[in-house]
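Chain and residue survey
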Amino acid sequence: MFRHWDHWEDGKFSHLFVWTAPEAGGRADDARDLTPGQATDSPTGPFGEMDEVSISPDGKDRRVRRPRGRREDAWRTNTDAFVVAVDGHSRPVDLTKDNPAYDFAPTFSPDGKSIAVRMMKRAGFEADRQRIAIIDAASHKLRVVTEAWDARPGRSCGAPTAGRS
């Protein structure tokens, strides 16, 4: 992909970093890249914002949405929700690898035991009906809870966004 909406792709990518502020006992130079080697943007463009990132209540994990980062991604709309340890020492775990379409807005439950994610099922289609899935944080088992619901989960229809109050 050489252009994405309003900008040229130049081979540089946004990555997700974590650090501890000096006031909290960290050093100014201890920033850690949580997505090293990733050849895609995190958060994703063109609108990538921090609502694509969720921090577990205990502060140990982050959930992040990102595309898979292959050349053929210029022709698809697949993004996945990953869990990434904040220490940066373990590999990210793809929570939605079995869904070939758009997964986004991963959000931890207040107790940290589950993650809500909005998803589409139709690969290559950016305007598919959105669903809300709940993923067990320990087992990574996913279940769609709005399959029979014909409304769009999100702010545009007046309903709260998944995982927000």
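Now for a look at the structure at hand. Being a predicted model, the structure only gives us computed values, none of them experimental.

Some words on the packing of aromatic side chains
All chains considered together, the criterion is met by one aromatic pair. Where Y102 meets F104, the ring centres are 4.6 Å apart and the plane angle is 25°; that geometry is what we call stacked. Assessed through its relative accessible area of 10%, F104 is described here as buried. Across the ring face of F125, the terminal group of R122 is positioned such that the distance to the ring centre comes to 3.9 Å.

Digging into the pattern of salt bridges
Applying the stated criterion to the full structure yields five salt bridges. The salt bridge involving R131 is made with D128; its shortest N-O contact spans 3.8 Å. Take D128: its relative accessible area is 15%, and that puts it in the buried class. The residue R129 makes a salt bridge to E147 at a minimum N-O spacing of 3.1 Å.

The rules behind these values
Residue positions within a chain follow its written sequence, with the count starting from 1. Totals for whole chains, interfaces and linings use every residue, but because this is a predicted model, local features are given only for residues with pLDDT of at least 70 and side-chain atom pairs only at 80 or more, for both listing and counting. Heavy atoms from the whole structure form the basis of all side-chain values; hydrogens and water molecules are not counted. Pairing of aromatic rings covers Phe, Tyr and the six-membered ring of Trp, with a centre-to-centre limit of 6.5 Å; geometry is then stacked below 30 degrees between planes, edge-to-face above 60, and tilted otherwise. Relative accessibility decides the category of a residue: with a 1.4 Å probe and only protein chains considered, values under 20% of the type maximum give buried, values over 50% give exposed, and everything between is partly exposed. Put simply, a charge is over a ring when the Lys NZ or the Arg CZ is close to the ring centre, within 6 Å, and near the line of the ring normal, within 35 degrees. Between Lys or Arg on one side and Asp or Glu on the other, a salt bridge is scored when a side-chain nitrogen of the former is within 4 Å of a carboxyl oxygen of the latter.

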